[in-house]
Amino acid sequence: MSKSLLCPCEDVTTAEVAHAIGRGYRDLESLKRFTGFGTGMCQGKQCLHAVARFVESQTGCTPDQLQPFTPRPPLFPTELSQWAALGFDVARAPAAGVLAPDETFPALRAPQPVQSKARVVIIGGGIMGLSLAWNLAQRGERDVVVLERGYLCAGASGRNGGGIRAQWGTPTLITLARRSLELMSRFARDMGINVWFRRGGYLFLAKSAEVAKKLERSAALHNRHGVPTQLLTPDGARDVVPHLTMQGVQAAAWNPDDAVIFPWAFLWGYARQAAALGVAVEPFTRVQGFEQRDGRVTKVVTDRGDIACETVVLAAGAWSPEVAKLAGVRLPNEPHRHEICSTEPLKPFLGPLVSVLDSGVYFSQSMRGELVGGMGHPQEPAGMNLSSTASFLQRYAQAVTEQLPGLGTLKVLRQWAGPYDVTPDNSPILGPTPGLPNLLQLSGFVGHGFMMAPAVTERMAQWMVSGESDELFERFALQRFAEGRLEREDMVIG
Ligand SMILES: Cc1cc2nc3c(=O)[nH]c(=O)nc-3n(C[C@H](O)[C@H](O)[C@H](O)COP(=O)(O)OP(=O)(O)OC[C@H]3O[C@@H](n4cnc5c(N)ncnc54)[C@H](O)[C@@H]3O)c2cc1C
């Protein structure tokens, strides 16, 4: 059968792009994610223009309505060993990098106003907002609107590493993560979309006595809560991943039940199934303010009109503090850039997600064969900064090739960045806002919100619909910071 190719690297045809447009993906960022066009060796240099022209011909939109997707370094595929040999002083705080995404999302919003009222308005179309909407609809609460200022994968949920693990440092997070693992393992069957769930385990490496002790302590906690984490010697860890060097490694922790997934498909699955139950999912719709009366939010003000409501859920991830400020509420979360990258594909060689807990470097192999990984910087200043730096690639390439020296010639294809939504104790903020009880908080998930979302939003929807108490929303309430009652979590990567 003949086919007409738009993206030769990833073999994406006109029929596939037309199918995606038919499913409602009309902006280039969403089409890239849904079809894979522009994600191969040339990173869109050959196909972006052709796809844009095709979308114009299919949808009748004008060129100025089609924002090209954010170009990202490197300019051409470049070997890890070359990045590792750069001469930046990597101990210094990273500078603002280049090519941050345009956050204005011009001219893509639907021309008609949003609906004028809803019982529940959810702000943020990331994994938290969408999974809460679906969970509410499942329990009969279908008068729900999700407002997303960009496309559905614009926030951290579209920019993360896809790791899900039960290896946490507190009983609460272990319980939530175990439930999420269970829900995510059957997501494809329940929601009818492939999420490339792969149970390859998580292997943590410790290079200092202090971190080795932390692994030992947390493994004992895991075992008490039904997680089969094993402490391994460096040789034992090499048995799990034979290609790893154990340079400087003192101990390892291994849970074969942990997994990696393909994040974008979870958002599409939740959005589609929530919409099928009657939820209105409104991308390209920005919240600009609130109306309040007698200590309650009465309306949410958007750039497509106002929505009168009974309950508002603030699920805007690392943007939550700036949205909360519009209601006169101060949240203690701070955004911190985290950089991440992906390489050309290799045949399958890496089972687990591997992380050196001391440095925060992590990497896993995607189902397409790419090595996907990242690394935070301890000096990264707070602030919304989604740009990319060469110094990150230097640090990352050095850390990865120290553990996998055979990968020096592996080429990095693209890098990007996303915001960690960091709270003072690395734990989320959930539940009512003091002084504005119908503004519910659902943010502060640092670098682990994706894996927490299915379990947390299941509990939150149940709590909202039933009115029954749930200790989760007392434990992680916003007022804990004013009360000096912190819920510290120290198994955070990055
Ligand atoms: C590099 C990186 C790697 C990570 N790796 C992992 C991992 O391996 N495993 C894991 O579990 N987690 C990981 N995380 C964390 C995880 O991605 C987040 O915790 C999670 O996605 C947060 O989801 P969210 O829905 O709260 O926020 P987001 O996904 O950020 O969604 C919030 C949404 O709100 C929208 N918004 C903002 N302002 C407005 C407004 N005014 N009006 C309307 N909408 C608005 C934004 O556009 C955004 O889409 C990682 C994060 C990063 C950055």
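Source: prediction; values computed, not measured.

### Structural notes on the overall build of the chain
What the chain contains, in helices and strands, is 15 helices and 21 strands. Taken over C-alpha atoms, the radius of gyration comes to 22 Å for the chain, in line with the 23 Å a tight globule of 494 residues would show. Within the chain, buried positions represent 58% of all 494 residues. Total accessible area on the chain stands at roughly 19700 Å², and carbon and sulfur atoms take up 53% of it.

### Quick word on the domain arrangement of the chain
Taken as a whole, the chain is organised into domain 1 (5–69) and domain 2 (100–197 + 263–333 + 423–494). Relative placement of domain 1 and domain 2: their C-alpha centres are 29 Å apart. Domain 1 puts 9 residues into the contact, and the matching count from domain 2 is 12 residues. Here domain 1 and domain 2 share an interface that buries about 1100 Å² over both sides, 58% of which is from carbon and sulfur atoms. The largest share of the area that domain 1 buries against domain 2 comes from Arg-33, Gln-65 and Gln-67, three residues that together contribute 52% of it. Taken together, domain 1 and domain 2 are joined by 0 salt bridges.

### A closer look at the site of the ligand
By nearness alone, 36 residues border the ligand, and Glu-148, Ser-157, Gly-163, Gly-449 and Met-451 come closest of all. Residue Gly-155 places a main-chain N or O atom 3.4 Å away from an oxygen atom belonging to the ligand. One nitrogen or oxygen atom from the main chain of Gly-449 is found 2.8 Å from an oxygen atom belonging to the ligand. When residues of the shell around the ligand are traced back to their parent elements, those giving at least two are α5 (127–138), β15 (334–345), β19 (411–422) and α13 (449–466). For the shell around the ligand, the class distribution of residues is 17 nonpolar, 15 polar and 4 charged.

### Description of α13
The end-to-end C-alpha separation of α13 is 24 Å, in line with the 26 Å expected for 18 residues at 1.5 Å each. If you look at α13, its biggest bend is around 35°, right at Ala-455. When you tally the buried positions in α13, you get 13 out of 18 residues, the bulk of the element. Two residues or fewer after α13 comes Gly-467, characterised by a positive phi angle close to 75°.

### Examining the nonpolar core
Among the nonpolar cores identified, the biggest contains 102 residues, and Phe-37, Ile-122, Trp-168, Leu-442 and Met-452 are the most heavily contacted of them. Counting residues per element, this core draws most heavily on α13, which supplies 9 residues. A domain split of this core shows at least three residues from each of domain 1 (5–69) and domain 2 (100–197 + 263–333 + 423–494). In contact with Ile-122, not counting residues within four places along its chain, are Gly-129, Leu-132, Ala-133, Leu-136, Val-144, Val-145, Val-146, Leu-147, Val-313 and Ala-315.

### Things to note about the environment of His-49
With respect to the element layout, His-49 can be found in helix α3 (residues 48–59). Between the C-alpha atom of His-49 and that of Leu-6, which follows or precedes it by 43 residues, the distance is 9.5 Å.

### So, the packing of aromatic side chains
What the rule picks out here adds up to 15 aromatic pairs. Between Trp-196 and Phe-262 the ring centres are 5.0 Å apart and the planes differ by 85°, which places this aromatic pair in the edge-to-face class. On the criterion of sequence distance, the pair formed by Trp-196 in the loop between α7 (187–191) and β7 (202–206) and Phe-262 in the loop between β10 (259–260) and α10 (263–276) is long-range, its members being 66 residues apart. Note on Trp-196: relative accessible area 36%, which makes it partly exposed. Put simply, the rings of Tyr-25, Phe-34, Trp-196, Phe-262, Trp-264 and Trp-268 touch in pairs and so form one group of aromatic residues. The side chain of Arg-33 reaches across the aromatic face of Trp-264, ending 5.0 Å from its centre.

### Overview of unusual backbone geometry
Comment: phi is negative for the bulk of residues other than glycine, and the bulk of peptide bonds are trans. Of note, the bond from Pro-73 into Pro-74 is cis; its omega dihedral lies within 30 degrees of zero at -5°. In this structure, Pro-74 sits in the loop between α3 and β3 (78–79). For Trp-196, which is not glycine, the phi torsion reads 50° and is therefore positive. You will see that Asp-294, though not glycine, has its phi angle at about 50°, which is positive.

### Section: the sheet that holds strand β18 (residues 370–375)
Taken in spatial order, the 9 strands line up as β3-β19-β15-β18-β17-β16-β7-β9-β8 in an open sheet, and their pairing is mixed. Taken across any chain shown, the strands that pair with only one partner, and hence form the sheet edges, are β3 and β8 (230–232). The pairing of strand β16 (residues 353–356) with strand β17 (residues 361–365) spans 3 bridges and is antiparallel. Along β17, the bridge assignment pairs Ser-355 with Tyr-362.

### Describing the pairing of β7
Along any regular strand the residues' side chains alternate between the sheet's two faces. When you tally the buried positions in β7, you get 5 out of 5 residues, the bulk of the element. Residues of β7 alternate between two faces, with Tyr-202, Phe-204 and Ala-206 on one and Leu-203 and Leu-205 on the opposite face, all of them buried. Sheet topology note: the β7/β16 ladder contains 4 bridges and is parallel. Its bridge partner being in β16, Tyr-202 is matched across the sheet by Leu-353.

Reading the values: the criteria
- Residues numbered from 1 in each chain as written.
- Predicted model: local features only at pLDDT ≥ 70, side-chain atom pairs only at ≥ 80, totals over all residues.
- Heavy atoms only, no water.
- Helix = DSSP H or I, 4+ residues; strand = E, 2+ residues; numbered from the N terminus.
- Rg over C-alpha atoms; globule rule 2.2 N^0.38 Å.
- Buried < 20%, exposed > 50% of the residue type's maximum accessible area, 1.4 Å probe, protein only.
- Areas by Shrake-Rupley, 256 points an atom, 1.4 Å probe, with all protein chains shown as cover.
- Domains from an automatic or database assignment.
- Contact = heavy atoms within 4.5 Å.
- Buried area = accessible area lost by both parts, 1.4 Å probe.
- Salt bridge = Lys/Arg side-chain N within 4 Å of Asp/Glu carboxyl O.
- Near = heavy atom within 4 Å.
- Polar contact = N/O pair within 3.5 Å; in protein donor to acceptor, adjacent residues only side chain to side chain.
- Nonpolar A, V, L, I, M, F, W, Y, C, P; charged D, E, K, R; others polar.
- Expected span 1.5 Å × (residues − 1).
- Bend = angle between axes of the 7 residues up to and from the residue.
- Core = buried A, V, L, I, M, F, W, Y, C linked by side-chain atoms within 4.5 Å.
- Phe/Tyr/Trp six-rings, centres within 6.5 Å; stacked < 30°, edge-to-face > 60°.
- Lys NZ or Arg CZ within 6 Å of the ring centre and 35° of its normal.
- Pairing = 2+ DSSP bridges.

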